[in-house]
Each structure stands twice: as C-alpha cells, then as structure tokens.
Amino acid sequence: MPQNARHRDVVYSARVISFALSDSQKVARDTVREFARRELRDRARPCDEESRCPDELLEKSWALGLAAACIPEAYGGGGVEGGHTTSAIVLEELGYGCASLGAAVAAPMLFVRPLVDFGTEEQKRDYLPLFTGDRYHAATLALHEPRFTFDPCALETTAERRGANRVLRGEKRLVPMGARASHFLVLARGERGPGLANLEAFILPRDAPGLRVHDEGDTTIGFQAMSWGRLTLDGVEAPPAWKLGGDSGIDGRRLIASLRVGGAALAVGLSRAVLDACVPYAKERVAFGQAIAKKQAIAFMIADMRIEVDAMRWLVWKAASELEERGDATRAAAIAQDYVGRKAMKIADDGIQVFGGHGFIRDFPLELWFRNARLLTVHEGPAAV
Amino acid sequence: MVDFRLSQNDTEILEQVRREGLAVRKHARYFDEHEEELPPEKFPEADAFPGVSERVNRRPAGDTPPATFQMLLGMARQWGDTLPLRQPPLALGNAALQAAGTPEQKQRWGATALSMAITEPGCGSDSKAIKTTARLDGEHWVINGEKIFVTTGIRAQGVVVWATVDAQRGRAGIKSFVVLKGTPGFEVTRKEKKLGIRASDTAALSFIDCRVPRDHLLGGDETVPRQGSGGFRGVMKTFNMTRPAVGAIGVGKARASLDFAEEALAGEGVAVDWERGRRARSTIEAKLVQMEADAEAASLTVLRAGWLADAGEENNVEASIAKAKGGEVSRTVPQGCIELLGAMGASREHLLEKWLRDGRITDIYEGTGQIQRLIIARAIFGYSSEELG
Ligand SMILES: Cc1cc2nc3c(=O)[nH]c(=O)nc-3n(C[C@H](O)[C@H](O)[C@H](O)COP(=O)(O)OP(=O)(O)OC[C@H]3O[C@@H](n4cnc5c(N)ncnc54)[C@H](O)[C@@H]3O)c2cc1C
C-alpha cells in the first residue's frame, strides 16, 4: 500500500480526467458572468444599431483584469500560469452577454497572450506594462486577409529580408479593435514558406512608416459593435526588435490553436444565450391552445440546444487544457472550431425559428445573435484563450 | 483542475482492453454469420490476457474516479466488436438488483446472471403501459404476461421482470420480480434474428401463472402509494449510469469506424491536415474532421455524465445527453465512414459494415434518442410526462 502511494505521488500527479473548476476559475466565471449581465446585455442592441463600442464600457471592463491576469508578476501582471482554460471560461461568459462587445472587451488578449507566450525578455519588458495600468489599452492581432479562399496556412502577407530588417507587404482585414489599437501583431507567411509552423509575427506600432490603418466601419453581417480595422502594409520596415520571439520566432501552431479556441469559446456563450432565451419564451408563447414548449417539434429543438451547448463547451475545455499542458493542441482546436462552428450556427438559426416572426424583428435579440453567429463562426480569430 | 489526461496506469489498462478487442476480432465475423450459435464462455485468446478487472480494482484512489473510468472502459471495450473475450458473469438485471434490491436479495442473487425484461409486444418506450401482471396469492406472486427483446434472455440464469400489481395505478403499480430459469410457467419462447449484435442473444419470454415466492419482489416494498410514482422513479434511477454506458457503446463503434477509415485512406495517401483552415480542406478531409469532432463531442458528454456521478452530483440530464450523443454517432459515423470509403468500405471483407449494423441499436434501446430528448426537455421546462409526452 505505501508503495502504491509513493508511486502515485511520482507518476500520477494531475493525470485525472476532471471537469472540476478551481476556486479561482469559479470566481472568474461568476465575476465575468455578472459583468456580462450588467454591462453587455442592455448595450448589445444600441451598440449594434449605432455600430459603436463605447469607451466607458471598455474602461469599466478593464477592472476585470482580463489581459493583466496572464502577464507574469515580473512585468506587473497577475501572474496566472497558463490560464487558457480560465480564458475559455471567461470568453464563454462574455459571449453570453454579447459576443461582439465581449470580443471588444477581450481584444487586448490577442496581443498580450502571444507576447507572454513567445516574446523575448526585451519585448515583454517593453510592451507588457502597457496592459497593467488602470486604463483600457487597445492592441490587437492582424490575421485575416481579403480573399474568399483565405487560409491561415497560406498567408500572402510577406516579410522579406533587407539587411537585418524585414519588409512587410500585404493587406489585413477584419482586425478586431484595429481602428483603435496602439500596436498590431501582424502575422506573415514565414521565410520557409506556408504552413502554421512557419508563421512569423511582427509587432508594429500604429505609426510605423508604410503602415496605414483604416476604420472598417460596419462591414459585416454581425459584430457591428466591434471596431474593426483594415491594415495596408506598404513596405513597412521592421527592425529585428519587432520580430516576435526574436530569432526563435513563434509557435504558429499554438498561436492559431489559441485563436480557434477563443472564437469557439465566445460561440459557446452565444449559443447558451439563445438556449436561455428560448426556454421561457417557449413556455409562455401559446399556439393552438398550448404552450409551444409542449409541442415536440419545439421541445426537441430546445433539447438539442441543451445537448450541444454541453458538447461544445467540453470540446473547448479540452482544447484549452491541452494548450495549458503545453501539448500540441492543433487537432483539438480544429475539432472545437469545426464542431462549435456548425452547432452554434444551427442553434442561432433554430433560435429564430422558436420565436417565429418575432425572431425576425429587431426588438428581440435573436436576429442579432444569428448575425453575430454567422460572422463569429467564420472568423479565424476574434479572440484568444 | 480541468484535465483530460490519463495516468500511465489507466492508459495501460485501456490499451490492454483495446488489444483484447483486437485479439478477438477474428471471431467476430463467424458469430455474425452464425447467429444461432452462442459464443463460448471464454475464447482461447483469453489466456493470453490477465483479467482486467483485477487491475481495475487495484487502481490508485488518486486516478480518474471510478464512474468516469467505467465510461472509458466502456468506450475501449466497444472499440469495434461487442464480442467479449470472456462472457461477463452478470447482465443488465444485476444492475437493477444492485440499485433496488434488499441487502438479503443482493446477497442471494449477486452472483446469478439476471437479464432485464421490461419491453412487451404492445409497448417499449412507454414502459408504464406494460400489461404483465403480478397477483399476490398467499405467500406467492403469480405472474402472467409476455416480454420481448430481452437481452441475454437465453443465456442468463434468471430475469428481473417488470409487472403491474395494480393496473389502475399506472407507474406506481409497477414492481419488479426476480424469476429464475426452471420456475414452472416461465419459458423462453423465441430467439430473435437481428440486424446486428448477433452474438448477443435477444429473447422473448412468456409467463403463464408463474409462481414465485413473495420475497422475490425486488426491494420488498409491496405497498402502492396513492400519490406519486412509488418505486418507479427509483428504478428509473438505475438508468442514470446505464444510459451513459450505452452512450459509450456508440462512441466505441464510432471510434473504431473512424480509425479503420483513417488507416484505409492513409494507405492510399489521403490524410487530414489539421493545420489548414476549414475552407481549405478537401471534401474527404472536411468529412473526417467533422466525424472526429462528432465522436469526440459524444465521448466528452459520456465522460461528463460519469464524472458528475463521481462528484456525487445529479446527472439525470447529462446521462440523457450522453445517451443521445452516443446514439447519434453510432449511426452517423459508421455510415459516414462507409460513405467515404465507397463500395469497398461496405464490403463484408471488412468489419466496418458490421460495426454500422451493430452500432445501430445504440439509439434504440435504453430509451430511444427521442425519449432522451423528452427527458431533457421535461427537465428544462419543469414539465411532467403528462405535460410533455
Ligand atoms: C437488440 C435489442 C435488445 C433489447 N434489450 C432489451 C432488454 O434487455 N430489456 C428490455 O426490456 N428491452 C430491451 N429492448 C427493447 C428496447 O428497449 C425497445 O425496443 C425500445 O425502448 C423502443 O421501444 P419500441 O421498440 O417498443 O419502440 P416504440 O416505443 O414503439 O417507438 C417507436 C418509435 O416511436 C418513437 N416514440 C415513442 N414514444 C415517443 C414519444 N413519446 N415521443 C416521441 N417519439 C416517440 C420512438 O423513439 C421510436 O422512434 C431491446 C431491443 C432490442 C432491439
């Protein structure tokens, strides 16, 4: 018996299938849930209509300390190790409140997370303190390019060598919070060619010569409240200090996995919002003398939402926990992205059906969630875990 | 902490179970084609494998908790064929005995293989509509009725049979009774021929004035409450663990089918590039990723239902979610794998077509997919079965 116990201590630590949240994860979930309920829900509609993301909301959100949490203490942050699962939990809650405003609130993570994971000592020292102050600081990651066949494995933004420097050319679209960011992490095709493992990332200040930043305006079917940016890189000369990770570069597979899981986590929250709206509505709405919830066609649609919200969440947690264990999360992230993409869209679509004509009317949130789901599930990286 | 990794020890146990499955696969086709024969108590290959249960019982307390691990075992055991190396000594009725029996009954029949007979020619999903009756006559119950689709009905030494003691009272009047083989009036009347799981016998049973001693009433409670569902709800609780276990069967079939399809395609130079974005995938890749995702999603819902039981939390809804997802992928994934592999994938040279036939039962027994959705919807809306039926 003692032999067994010793054995366990050495070999078996933390190798247990578990869905248990830590106490700090529960606190994070509850805090952000409350924030989302209080601050995001009511703003979702007006912000969508007016295509704006209010400064006062972003400032308020800063108190949650989302970006600062994962910054090591040495740079003034919260020093939460890993924390990918915690991020996934938090993003679900933000997505529950409003995926679009939630993504805006969480956008600095798109810059901070890769910096923490891959940045050189110097880069961390230079940039991380921007995010440990008490004001919202916008910085972001630029991935998407203007092609219908866009694929993160085959970027067309290039970074040619010129002496010790690199010269960036290309165009980036749908950059989250791009219109206000002070810095951009621009992803480019690696020197060795396509493929995630070869990806390179460059930290560009907004005023870098050759970089032009435009406000995209309300350019997509959903996520109107998000302030999207468009970048034109017209021979931006990047000194070595701007190349994320220096000579070692970045782990592009990990970075893209983190984005895929981040988007999926937001979509789980959006789906849960649809489910929670459908339940009371279906119980109250009467047709042919009976609550529509008593008709199987409706009840089963809602049961399927309940089933899939669970399934989606566990896939997201699994991928996030693989990132946290520093394993290769590429497959788990692709699976979460694929599954959540399909199911979230279906749930948002069914949500309109449950509400009937009212689902089509802008007094109700269903059509907004439907539009947000459509953009969210095709964007490769609106958030990072 | 949220984690989905296994200890070394658990990985080894599951690996052994999978190896056992592989070793016995060569007999699978034979019993598929010779449905009239019962597989032996033990296959010769069994000797090469030490009993897994020993090792399972000795697992360190700090490893993945037991109910969750049972789900993993279930998925591994069902990875391909349902044919066990050694016939399990117990059957579904034993789960009911353990859940509802008195200590004395558990002692008496604990080692007796008991099947479970609920379904009748006139009702399956609607189990409260059973017509089989049990009438107290002196110190005996007299049972009359017909049961169908009883798994292990041929092989088992006895059966837990559901009967009503008061047809007026619906659910509350339903009790279950242990009837042993050889009891006068109890007969096996038929062995079914099936689409799949042909190595598992499925029987019809008849009870004609079949007398069993009074203390064969499971749980021993003879009263019929005027209100509520009596012991029925308690009996249904048995299924909170068996439903995810059946979900695990579905996942096992899906997993085996995918592994087969992926290996077959890799042999011809086709494999998933997990890095590529969703729209850069070929049709075959997209379909594979989708099925991988579906199988993984189902498997996590099964684990979740087990984990809640381990944590001592209510898992009624999650048990149904696991059963519904497992049932779904047992249909869609083997079907999709054959679709991917084309006509050669449907050939009886391979076991894939068999896994499709075997897996198809998963969305039917232990409550169909529709019944699981009813359970989930009622829980969500707070409806009774009368309000949402
Ligand atoms: C191989 C095999 C092994 C089995 N083993 C056992 C066993 O060991 N013990 C045992 O007791 N039984 C066993 N069964 C029976 C099995 O549990 C039933 O077949 C199953 O519960 C479905 O019942 P049914 O066949 O009467 O279908 P029905 O209840 O007639 O259902 C037919 C269809 O109607 C749907 N339906 C029914 N009610 C509703 C509703 N309220 N709302 C929406 N849809 C509904 C069902 O989902 C199904 O699609 C076994 C069956 C098979 C085939």
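Residues numbered from 1 in each chain as written. Chains lettered and ligands numbered in written order. Predicted model: local features only at pLDDT ≥ 70, side-chain atom pairs only at ≥ 80, totals over all residues. Heavy atoms only, no water.

(A) Seen up close, the packing of helix α3 (residues 66-77) of chain B against helix α8 (residues 283-310) of chain B. Residues and elements named next belong to chain B. Orientation of α3 relative to α8, taken along the N-to-C sense of each, is 150°, at an axis distance of 6 Å. By the angle class used here, α3 and α8 are roughly antiparallel. For the pair α3 and α8, the sense of crossing is right-handed. Contacts from P66, A67, T68, M71, L72 and M75 in α3 reach S299, V302, L303, G306, W307, A309 and D310 in α8. Considered class by class, the residues forming the contact of α3 with α8 number 9 nonpolar, 3 polar and 1 charged. (Axes fitted to C-alpha atoms, helices over the stretch in contact; angles between N-to-C directions. Helix = DSSP H or I, 4+ residues; strand = E, 2+ residues; numbered from the N terminus. Parallel < 35°, antiparallel > 145°, perpendicular 65-115°, else oblique. Left-handed = near helix turned anticlockwise from the far one by under 90°. Contact = heavy atoms within 4.5 Å. Nonpolar A, V, L, I, M, F, W, Y, C, P; charged D, E, K, R; others polar.)

(B) View of empty space enclosed by the protein. Residue and element names in this part refer to chain B. The tally for this structure, following the rule as stated, stands at 4 cavities of 30 Å³ or more. Taken as a whole, the largest cavity holds about 70 Å³ of empty space. Around the largest cavity, the lining residues are A28, F31, D32, D81, T82, L83, G196, I197, R198, A199, K354 and D358. Going through the elements one at a time, α1 (8-33) and α10 (352-359) are the ones with two or more residues in the lining of the largest cavity. Of the residues assigned to the lining of the largest cavity, the class counts are 5 nonpolar, 2 polar and 5 charged. When residues of the lining of the largest cavity are assigned to domains, at least three map to each of domain 1 (8-80) and domain 2 (92-228). (1 Å grid on protein atoms, 1.4 Å probe; cavity = no way out; pocket = protein on both sides within 12 Å on 5 of 7 lines; lining within 4 Å. Points joined across faces, edges and corners; volume = space filled by probe spheres on them. Domains from an automatic or database assignment.)

(C) Geometry of the pattern of salt bridges. With the rule as written, the count across this model stands at 70 salt bridges over all chains. Salt-bridge contacts for E237(A) lead to R162(A); the nearest nitrogen and oxygen are separated by 2.8 Å. Residue E237(A) is found in strand β7 (residues 229-238), and its partner R162(A) is found in strand β2 (residues 158-162); the two are separated by 75 residues along the sequence. Note that E200(A) and R166(A) form a salt bridge whose closest N and O atoms lie 2.4 Å from each other. On the criterion of sequence distance, the pair formed by E200(A) in strand β5 (residues 200-205) and R166(A) in strand β3 (residues 165-175) is long-range, its members being 34 residues apart. Of the residues examined, E200(A) reaches a relative accessible area of 9% and is grouped as buried. Bridged by salt links that share partners, the residues R33(A), E92(A), E93(A), R272(A), R306(A), D310(A), R313(A) and E318(B) form one connected network. (Salt bridge = Lys/Arg side-chain N within 4 Å of Asp/Glu carboxyl O. Buried < 20%, exposed > 50% of the residue type's maximum accessible area, 1.4 Å probe, protein only.)

(D) Spotlight on the environment of Q157(B). Residues and elements named next belong to chain B. By secondary structure assignment, the location of Q157 is in the loop between β3 (140-151) and β4 (158-164). In this structure, the C-alpha to C-alpha distance between Q157 and S115, residues 42 residues apart in sequence, is 8.1 Å. Look past the residues within four positions of Q157 in its chain and what remains in contact with it is A111, T112, A113, L180 and K181. Here A113 takes part through its backbone nitrogen, which lies 2.7 Å from a polar atom of the side chain of Q157. (Polar contact = N/O pair within 3.5 Å; in protein donor to acceptor, adjacent residues only side chain to side chain.)

(E) View of the interface of chain A and chain B. In this assembly, 59 residues from chain A lie in contact with 56 residues from chain B. Contact between chain A and chain B buries roughly 5400 Å² in total, counting both sides, with carbon and sulfur atoms accounting for 60%. Notably, a salt bridge pairs R331(A) with E292(B), separated by 2.5 Å at the nearest N-O pair. Where chain A meets chain B, there are 24 residue pairs in polar contact (both at pLDDT 80 or more). Mapped onto the side of chain A that touches chain B, the elements with two or more residues apiece are α1 (2-11), α8 (252-284), α9 (296-324) and α10 (330-355) of chain A. For the side of chain A that touches chain B, the element with the highest residue contribution is α9(A), accounting for 16 residues. By residue class, the composition of the side of chain A that touches chain B is 30 nonpolar, 12 polar and 17 charged. (Buried area = accessible area lost by both parts, 1.4 Å probe.)

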